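Analysis of the macromolecular model
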Amino acid sequence: VDIESASKELYSKLRKYDEVVGIAICHTNGIQYIVVYLAKISNIILKKIPNIYKGNIVKTEITGRIMFQ
Amino acid sequence: MNYDKSIKVHTIICDQFFFNRKNVEVPAGNFDDELEPGELVYEIFNEVIATNLIQLSETTYGIELLSKNPDLYLTPIIEYFNLQIGDIISKPSAPIVQQVRKRPLEIGSSIAPLNENWWGTLGCFVKDVNNGEDYVLSNHHVLFSDLGYKDNFIAQPAPCHGGGNDDAIGLYVRSLAPDTSGINEFDAAVAGPISAEFSRLIPELNVYANELTNASIGMKVYKIGATTGKTFGVIKSIISSIKVDNANGDVLDYQNQIAINGTTNDFLTPANFSLGGDSGSIIFDYDSNKIVGLLHCGNGYLNSFANKIEPLFNKLEISL
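First, a word on scope: everything that follows refers to the structure included in this document. Computed from a prediction, not measured in an experiment: that's the story for all the values here.

Examining the overall build of chain A
- Looking only at helices and strands, chain A features 2 helices and 5 strands.
- Ordered by position from N to C terminus, the α and β elements of chain A give α-β-β-α-β-β-β.
- Along the first, second and third principal axes, the C-alpha set of chain A runs to 30 × 25 × 20 Å.
- Intrachain contacts of chain A at a sequence separation of at least 6 include 45% that bridge at least 24 residues.
- Element-wise, carbon and sulfur atoms account for 52% of the exposed surface of chain A, whose accessible area totals about 3700 Å².

Spelled out as structure tokens, the structure:
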């Protein structure tokens, strides 16, 4: 599964959680990975986020809530 | 201090002090009373122009206060938040000049509907592809007012920065308005026809904002916003989906957004990219000064998000 489809699929599973505020596809040194944005640190949510999803690396980032500015 | 604590302190600073400068009521007979610690912090923040969350070392973060006062009194702030010396630093800065009347109108200046008390940023000047009229581009949530007036006049500067009837520059024309029940890609609106002289030059640069380009990961960017002025960052993602909280308590879904990590002008050191009132800012490619995005939201710290500009121009039927 390509990373864009994997990202969409993963977000559709995680979006229902209040602590999950977004997802992005990033790359560093040519390696693509998925980043899940979290409103706060939550062990419950972290346990629901896989390290690898459909062959793609998944990381998390605590961003806090995202607001219109 | 560590990252989590710096975020907490920065949130309190923004929510309670920086964006909430209250007139402190002094009861009759108490004029000689000493200020409470919180009131003193309010007083000090009256001199602060911008706040940035910055990385001091690999694991420590601090808060930088930009002020016209080179000797900003930091001790009460350090004591109020129970911090260590060095956790909060001050840096002299020229006053932000985006929140005043600009004629000719300038990219990055403060703008808002004439009857509203918020402000946003004048992104850039565009043309209606159908009739050739000149418009200003900003966000829907900046230019749209639902107060029910027949004509929604837009003022520069925003009324909360002193704008009045004589500062009206045009009417709200149309939007790509966010939908609370669907998935969005844009938060954009235009106002016009512009009834004031305007300049397409990017402030501080003798360069015209007259070309669009696609965003790419790693691209160095900058924006000029009505709250924080010119700030810098690096594009981290061009396929980003986010949930955005609005002022009514709704959560709006966005997809295909540009994610920007704020930095100082070295494009390495983390720093704030945008704050409330910067919405509507154009994201420029640092190397070419071409337009890549339209800022609309962020977390108030290191992360900001923008709409992709080319599909936005097509959908809103505008051109440069």
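Still more to cover.
Here we look at the packing of helix 1 (residues 3-18) of chain B against helix 2 (residues 37-45) of chain B
All names here are of chain B.
- Close contact between helix 1 and helix 2 brings their axes to 10 Å; oriented N to C, the two are set at 85 degrees. One element, helix 1, and the other, helix 2, form an angle in the roughly perpendicular class. Contact residues: helix 1 offers Ile13, Gln16, Phe17 and Phe18, while helix 2 offers Gly38, Val41, Tyr42 and Phe45.

Focus: unusual backbone geometry
All names here are of chain B.
- Proline 104 follows arginine 103 through a cis peptide bond whose omega is 5 degrees.
- Position of proline 104 among the secondary structure elements: in the loop between strand 3 (88-92) and strand 4 (110-113).
- Residue proline 157 is bonded to the preceding glutamine 156 through a cis peptide linkage, with omega at 5 degrees.
- Inspection of the secondary structure puts proline 157 in the loop between strand 8 (153-155) and strand 9 (168-176).
- Look at phenylalanine 267: it is not a glycine, yet its phi comes out positive at around 60 degrees.
- Although it is not a glycine, glutamate 317 sits at a positive phi angle of roughly 55 degrees.
- Tracing the backbone shows glutamate 317 in the loop between helix 5 (309-316) and strand 18 (318-319).

Quick look at the sheet that holds strand 2 (residues 61-67) of chain B
Residue and element names in this part refer to chain B.
- An order of 1-2-3 is seen for the 3 strands of this open sheet, with the pairing classed as mixed. On the outer flanks of this sheet lie strand 1 (48-55) and strand 3, each paired with one strand and no other. Mean inter-strand twist for the sheet, computed between neighbouring axes without regard to direction, equals 25 degrees.
- Here 7 bridges tie strand 1 to strand 2, and the two strands are oriented antiparallel to one another. The residue bridging asparagine 52 from the neighbouring strand is glutamate 64, located in strand 2.

A closer look at the sheet that holds strand 6 (residues 124-128) of chain B
Residue and element names in this part refer to chain B.
- Judged by pairing direction, the sheet is antiparallel, and its 8 strands sit side by side in the order 5-4-8-9-11-7-6-18 without closing on themselves. Whereas interior strands pair on both sides, the edge strands pair on one side only; in this sheet they are strand 5 (120-121) and strand 18.
- Bridging between strand 6 and strand 7 (residues 134-138) involves 4 bridges; their strand directions are antiparallel. Residue pairing for strand 7: valine 126 is matched across the bridge by tyrosine 135.

Details of the packing of aromatic side chains
- In total, this model carries 15 aromatic pairs over all chains according to the counting rule given.
- Grouped by ring-pair contacts, the aromatic residues Phe17(B), Tyr42(B), Phe45(B), Tyr80(B) and Phe81(B) constitute a single cluster.
- Its end group placed over the ring of Tyr33(A), Lys59(A) keeps NZ or CZ at 4.1 Å from the ring centre.
- Positioned above the aromatic ring of Tyr222(B) is the side chain of Lys230(B), whose terminal nitrogen or guanidinium carbon lies 4.7 Å from the ring centre.

Quick look at the interface of chain A and chain B
- Chain A puts 24 residues into the contact, and the matching count from chain B is 37 residues.
- Counting each side, the surface lost to burial between chain A and chain B is near 2400 Å², with a carbon and sulfur contribution of 50%.
- Linking chain A to chain B there are 3 salt bridges.
- Put simply, chain A and chain B have 19 residue pairs in polar contact (both at pLDDT 80 or more) between them.
- Of all the elements in the fold, those that place two or more residues in the side of chain A that touches chain B are helix 1 (3-14), strand 1 (20-28), strand 2 (31-38), strand 4 (56-62) and strand 5 (66-68) of chain A.
- Across 4 bridges, strand 1 of chain A lies against strand 13 (residues 229-245) of chain B in antiparallel orientation. Within strand 13 of chain B, the residue paired with Ala24(A) across the bridge is Ser240(B).

Quick notes on the side chain of Ser109(B)
- As for its position among the elements, Ser109(B) is in the loop between strand 3 and strand 4.
- Only 2.7 Å separates the side chain of Ser109(B) from the backbone oxygen of Glu106(B), close enough to count as a polar contact.

Notes on the layout of surface pockets
- The calculated volume of the largest pocket comes to roughly 1500 Å³.
- Lining the largest pocket we find 49 residues, and of these Met67(A), Phe68(A), Gln69(A), Asp245(B) and Ala247(B) sit closest to its centre.
- Looking at the lining of the largest pocket, the elements that each hand over two or more residues are strand 5 of chain A together with helix 1 and helix 4 (140-143) of chain B.
- With 7 residues, the single largest contributor to the lining of the largest pocket is helix 1 of chain B.
- Considered class by class, the residues forming the lining of the largest pocket number 19 nonpolar, 20 polar and 10 charged.

Calculation rules
- Residues numbered from 1 in each chain as written.
- Chains lettered and ligands numbered in written order.
- Predicted model: local features only at pLDDT ≥ 70, side-chain atom pairs only at ≥ 80, totals over all residues.
- Heavy atoms only, no water.
- Helix = DSSP H or I, 4+ residues; strand = E, 2+ residues; numbered from the N terminus.
- Contact = heavy atoms within 4.5 Å.
- Areas by Shrake-Rupley, 256 points an atom, 1.4 Å probe, with all protein chains shown as cover.
- Axes fitted to C-alpha atoms, helices over the stretch in contact; angles between N-to-C directions.
- Parallel < 35°, antiparallel > 145°, perpendicular 65-115°, else oblique.
- Pairing = 2+ DSSP bridges.
- Phe/Tyr/Trp six-rings, centres within 6.5 Å; stacked < 30°, edge-to-face > 60°.
- Lys NZ or Arg CZ within 6 Å of the ring centre and 35° of its normal.
- Buried area = accessible area lost by both parts, 1.4 Å probe.
- Salt bridge = Lys/Arg side-chain N within 4 Å of Asp/Glu carboxyl O.
- Polar contact = N/O pair within 3.5 Å; in protein donor to acceptor, adjacent residues only side chain to side chain.
- 1 Å grid on protein atoms, 1.4 Å probe; cavity = no way out; pocket = protein on both sides within 12 Å on 5 of 7 lines; lining within 4 Å.
- Points joined across faces, edges and corners; volume = space filled by probe spheres on them.
- Nonpolar A, V, L, I, M, F, W, Y, C, P; charged D, E, K, R; others polar.

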